[in-house]
Amino acid sequence: MLAARVIPLEDVEKVRNAFKIRPIWTRNALVNINKLVIHSQTLGLILPSVAFYYVNGPWRGTWVRYGYDPRKHFDARAYQLLDFRVRAIGSLHEYIKIKRLSLTKINYRTAEPTASIKDDEPNFISSTFDEDTIPPHRVIFYQYCDINLKKIQEMLKKVPSPLSGTVCDERYGWLPYRFDDQCRNIMMEIVLNNIRRLREANPEACRAIESVEEDEDEGDEAEISGFEEEEDDDDDDDGEQEGILDSLDDMTD
């Protein structure tokens, strides 16, 4: 006989309450911000009972509470997803890994290794960005509401309200064209400044980062947010982003 999986009602209520407070979450943000200690398989069973999954578009990779349609709510722009990519610039690759770290955690504020992660300990991957952030991975996904930068939050508030009858854009959602690139520029500058300060304050300790072993699992980087990213066929946008990265490279010289 197949064994039935018993889902604790307490876990179900924790997830439901999170969606009552906020209608859209990435799986990582849901676990990280609410500090949910729920087995991954159990959470995978609970989520479809309270929310549906967005496969593509401005809210791709997020779980949306049943009954809430972000295409009809201008406020839902805060829950749109930004894919933040940190390219290797100079020695930047020493501080931000491509793959997930395996057994050793690094305190990115002091560059000192901490104790190994135990199997029974919850491993919360940060889903927020602030003035002190150095991302743990070169590709990481943030919802705009979780980017705790005054400038970006002010930009978000200043987006003009759409005229009556305006249809939500299937690619950009409620945000204007190139809004995401402006945010990436701001965030990238902060990351570079944080790394400079880290290197100046801890020149010896920074070497510890280089010795961190990378995970042998060849899983896609998009696993961090629990979904695979769509390929962008727009060559013009790729060229524009490369130009932005070149300008950031000049900042480090």
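Residues numbered from 1 in each chain as written. Predicted model: local features only at pLDDT ≥ 70, side-chain atom pairs only at ≥ 80, totals over all residues. Heavy atoms only, no water.

Where an unreviewed UniProt entry is consulted, the protein appears under the name Transcription factor IIIC subunit 5 HTH domain-containing protein, with the organism given as Anopheles epiroticus.

Caption draft 1: The arrangement of the sheet that holds strand β1 (residues 24-26) in detail. One open sheet holds the three strands; their spatial order is β1-β3-β2, and the pairing between them is antiparallel. Taken across any chain shown, the strands that pair with only one partner, and hence form the sheet edges, are β1 and β2 (51-53). On average, each strand axis in the sheet is tilted by 30° relative to the strand beside it, whichever way the strands run. Inspection of the sheet shows β1 paired to strand β3 (residues 62-65) by three bridges, in the antiparallel sense. Bridge assignment links T26 to a residue of β3, and that residue is T62. (Pairing = 2+ DSSP bridges. Helix = DSSP H or I, 4+ residues; strand = E, 2+ residues; numbered from the N terminus. Axes fitted to C-alpha atoms, helices over the stretch in contact; angles between N-to-C directions.)

Caption draft 2: View of the nonpolar core. Formed by 36 residues in total, the largest nonpolar core has its most connected members in F84, F129, I147 and M187. If you list the elements that add at least two residues to this core, you get β4 (81-85), β7 (139-143), α4 (150-157) and α5 (179-201). With 10 residues, α5 is the largest single contributor of residues to this core. Per-domain counts for this core show at least three residues from each of domain 1 (1-68) and domain 2 (71-208). Listed in part, the 15 residues of the second largest apolar core include V12, A29, L30 and A51. (Core = buried A, V, L, I, M, F, W, Y, C linked by side-chain atoms within 4.5 Å. Buried < 20%, exposed > 50% of the residue type's maximum accessible area, 1.4 Å probe, protein only. Domains from an automatic or database assignment.)

Caption draft 3: Local environment of helix α2 (residues 27-34). Looking only at α2, the buried set comprises N28, A29, L30 and N32. Backbone geometry just downstream of α2 places K35 in the positive-phi region, at approximately 50°.

Caption draft 4: Inspection of the pairing of β3 at higher detail. In this sheet, β3 lies alongside β2 in antiparallel orientation, the contact comprising three bridges. Each residue of the ladder has a partner; that of Y53, found in β3, is W63.

Caption draft 5: Broad picture of the packing of aromatic side chains. Across all of its chains, the model carries nine aromatic pairs by this definition. Centroid distance Y53 to W63: 5.2 Å. Interplanar angle 55°. Geometry classified as tilted. You can see Y53 sitting in strand β2 and its partner W63 sitting in strand β3, a full 10 residues away along the chain. When its relative accessible area of 31% is taken as the criterion, Y53 is described as partly exposed. Here W63 falls in the buried class, since its relative accessible area comes to 15%. Ring centres of F84 and F129 lie 5.9 Å apart, and the angle between their planes is 75°; on these two criteria the pair is classed as edge-to-face. Of this pair, F84 sits in strand β4 while F129 sits in the loop between β6 (112-116) and β7, and the two are 45 residues apart along the sequence. (Phe/Tyr/Trp six-rings, centres within 6.5 Å; stacked < 30°, edge-to-face > 60°.)

Caption draft 6: Spotlight on the pattern of salt bridges. Inspection of every chain in the model, using the stated rule, returns 11 salt bridges. The partner of D83 in a salt bridge is R85, and the shortest N-O contact between them spans 3.1 Å. Among the residues examined, D83 registers a relative accessible area of 9% and is labelled buried. Take R85: its relative accessible area is 27%, and that puts it in the partly exposed class. A network of salt bridges, in which partner residues are shared, links R60, D83, R85, R178, D180, D181 and R184. (Salt bridge = Lys/Arg side-chain N within 4 Å of Asp/Glu carboxyl O.)

Caption draft 7: Broad picture of the side chain of T26. Tracing the backbone shows T26 in strand β1. In contact with T26, other than residues within four places in its own chain, are G61, T62, L81 and Q143. (Contact = heavy atoms within 4.5 Å.)

Caption draft 8: How the structure looks around the environment of L47. Secondary-structure assignment places L47 in helix α3 (residues 40-50). Residue class for L47 comes out buried when judged on its relative accessible area of 0%. Along the chain, L47 and V12 lie 35 residues apart, while their C-alpha atoms are 8.7 Å from each other. Aside from chain neighbours lying at most four places away, what touches L47 is V15, F19, R27, L30 and W63.

Caption draft 9: Inspection of the packing of α4 against α5 at higher detail. Running from N to C, α4 and α5 point in directions that differ by 165°, and their axes come no closer than 10 Å. Between α4 and α5, the angle is such that the two are roughly antiparallel. As α4 runs across α5, the sense of the crossing is right-handed. Contacts between α4 and α5 involve K151, I152, M155 and L156 from the first element and F179, Q182, C183, I186 and M187 from the second. Taken together, the residues of the contact of α4 with α5 sort by class into seven nonpolar, one polar and one charged. (Parallel < 35°, antiparallel > 145°, perpendicular 65-115°, else oblique. Left-handed = near helix turned anticlockwise from the far one by under 90°. Nonpolar A, V, L, I, M, F, W, Y, C, P; charged D, E, K, R; others polar.)

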